[in-house]
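Summary of structural features
Take a look at the letters that make up each chain.
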Amino acid sequence: MGKEFPTTIQVIELCLLAGKIMLQGGAETYRVEDTMTRIAASLGIPHSHSYVTPTGIIFSTDGTEPAKLIRISERSTDLYKVTLVNGISRKISSGELGGQEALARLKEIERADYTFPVYQQVLAASIASGCFLIMFLGKWADFIPAMITGGLGFASFIFVHRVVQIKFFSEFIASLLIGLLAYLFVIFGLGTELDKIIIGSVMPLVPGLLITNAVRDLMAGHLVSGLSKGAEAFLTAFAIGAGIALVFTF
């Protein structure tokens, strides 16, 4: 078929699919818009317009084809998919990849599940919790309690989120469990510094990527996306704080 699509509609479909995968994977708004624009320009549409928010993408071209909207209902952190889409975009720009082949590869990426198994995620959160405790000048005697508390807290977050598709609620329950476990460790003499154990254990729940993307979008001039991501990060931080505060209250 060559380097270009036969129709503008197919180019728009490719751009929207690339943007959808990147946005669902945790990419910044300006990166999504830039990738879509570059793909369209490489496939024969030099003038295109895109408007990206955390919940939707609008894309149009300077032609007779109407603008198209795609809804983003679920978002997670999968930077590997973002990297794969960026690689496809570069190959399209350099002429190494045609439109139809690029669309087929993007559909494969969309269907693929590159996330680690749950036990690996819990293990990583457990080790990270212990390491964060040491980073915040905690004692080595609290390393194991922090690992157990952080691992069980993150496991509860994954489980509750599968049952109740409300991120705020799952983060609240996870932080509540973390606070309770840390308190029990200290009460029974298995831990020494309650605050350090809690701080280290909640770090895997902290929305670091969301906060970073909010700041970067605001700096790039994407005020709507930056503020909405900042509000989402604030709700996550509030859920974590509320769960810990509830333990201390009772």
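Criteria and cut-off values
Residues numbered from 1 in each chain as written. Predicted model: local features only at pLDDT ≥ 70, side-chain atom pairs only at ≥ 80, totals over all residues. Heavy atoms only, no water. Helix = DSSP H or I, 4+ residues; strand = E, 2+ residues; numbered from the N terminus. Buried < 20%, exposed > 50% of the residue type's maximum accessible area, 1.4 Å probe, protein only. Contact = heavy atoms within 4.5 Å. Areas by Shrake-Rupley, 256 points an atom, 1.4 Å probe, with all protein chains shown as cover. Lys, Arg positive; Asp, Glu negative; His and termini not counted. Charge placed at Lys NZ, Arg CZ, Asp CG, Glu CD. Pairing = 2+ DSSP bridges. Axes fitted to C-alpha atoms, helices over the stretch in contact; angles between N-to-C directions. Expected span 1.5 Å × (residues − 1). 1 Å grid on protein atoms, 1.4 Å probe; cavity = no way out; pocket = protein on both sides within 12 Å on 5 of 7 lines; lining within 4 Å. Points joined across faces, edges and corners; volume = space filled by probe spheres on them. Nonpolar A, V, L, I, M, F, W, Y, C, P; charged D, E, K, R; others polar. Salt bridge = Lys/Arg side-chain N within 4 Å of Asp/Glu carboxyl O. Polar contact = N/O pair within 3.5 Å; in protein donor to acceptor, adjacent residues only side chain to side chain. Arc of directions from axis to C-beta. Patch = residues over 30% accessible without salt bridge, like charges linked within 9 Å, V, L, I, M, F, W, Y side chains within 5 Å.

**Thoughts on the overall build of the protein**
Counting its regular elements, the protein contains ten helices and three strands. The helix and strand sequence of the protein, counted from the amino end, reads α-α-β-β-β-α-α-α-α-α-α-α-α. For the protein, the C-alpha atoms occupy an extent of roughly 70 × 35 × 30 Å along the three principal directions. Of all 250 residues assigned to the protein, the portion counted as buried reaches 44%. Relative to all contacts within the protein whose residues are 6 or more apart in sequence, the contacts with residues 24 or more apart total 65%. Element-wise, carbon and sulfur atoms account for 65% of the exposed surface of the protein, whose accessible area totals about 13,100 Å². Across the protein, the centroid of the 19 positively charged side chains sits 2 Å from that of the 20 negatively charged ones.

**Focus: the sheet that holds strand β2 (residues 56-61)**
Spatial strand order, β1-β2-β3: three strands in an open sheet with antiparallel pairing. Single-partner strands in this sheet number two, and they are β1 (48-53) and β3 (68-71). This sheet shows a mean twist of 10° between the axes of neighbouring strands, independent of strand direction. Pairing between β2 and β3: four bridges, direction antiparallel. Its bridge partner lying in β3, Ile 58 is registered against Leu 69.

**Quick word on the environment of Gly 243**
Positionally, Gly 243 belongs in helix α10 (residues 223-249). Through-space distance from the C-alpha of Gly 243 to that of Ala 174 is 7.7 Å; in sequence the pair is 69 residues apart.

**Looking at helix α7 (residues 167-187)**
For α7, spanning 21 residues, the distance from its first C-alpha to its last is 30 Å, which sits close to the expected 30 Å at 1.5 Å a residue. For α7, the complete set of buried residues consists of Ser 170, Glu 171, Phe 172, Ala 174, Ser 175, Ile 178, Gly 179, Leu 181, Ala 182 and Phe 185. Of the residues one or two after α7, Gly 189 is the one with positive phi, at around 80°.

**Looking at the layout of surface pockets**
The volume enclosed by the largest pocket comes to roughly 2,000 Å³. Contributing elements (two or more residues each) for the lining of the largest pocket: α1 (8-24), α3 (79-94), α4 (99-111), α5 (118-135), α6 (143-163), α7, α9 (208-219) and α10. Along the lines of polarity and charge, the residues of the lining of the largest pocket split into 22 nonpolar, 13 polar and eleven charged.

**Quick look at the side chain of Lys 81**
Take Lys 81: it is sitting in helix α3. Asp 78 provides the closest opposite charge to the buried, salt-bridge-free Lys 81, at an N-O distance of 4.6 Å. Within the structure, the side chain of Lys 81 is placed 2.9 Å from the backbone oxygen of Ala 112, a separation counted as a polar contact. The contact partners of Lys 81, leaving out residues within four places of it in the chain, are Ile 21, Ile 109, Glu 110, Ala 112 and Tyr 114.

**Points about the pairing of β2**
Burial of β2 is extensive: five of the six residues sit out of reach of the surface. Inspection of the sheet shows β1 paired to β2 by six bridges, in the antiparallel sense. Bridging from a neighbouring strand, Ser 50 pairs with Phe 59 of β2. Hairpin connection, β1 to β2: the antiparallel pair is bridged by two residues.

**Details of α9**
Helix length check: α9, at twelve residues, gives a terminal C-alpha distance of 17 Å against a target of 16 Å (1.5 Å per residue), a fit within 8%. Within the sequence span of α9, burial applies to Leu 210, Asn 213, Ala 214 and Asp 217. One face of α9 carries all of its buried residues, which in axial projection span an arc of 105°. Positive phi appears at Gly 221, one or two residues downstream of α9, with a value of about 95°.

**What to know about a nonpolar patch on the surface**
Taken together, Ile 166, Phe 168, Phe 169, Phe 234, Leu 235 and Phe 238 make up a surface patch of nonpolar side chains, about 600 Å² in accessible area. Put simply, the parts of the chain that give the nonpolar patch at least two residues each are α7 and α10. Sort the elements by how many residues they give to the nonpolar patch and α10 lands first, with three residues. Relative to the elements of secondary structure, Leu 235 occurs in helix α10.

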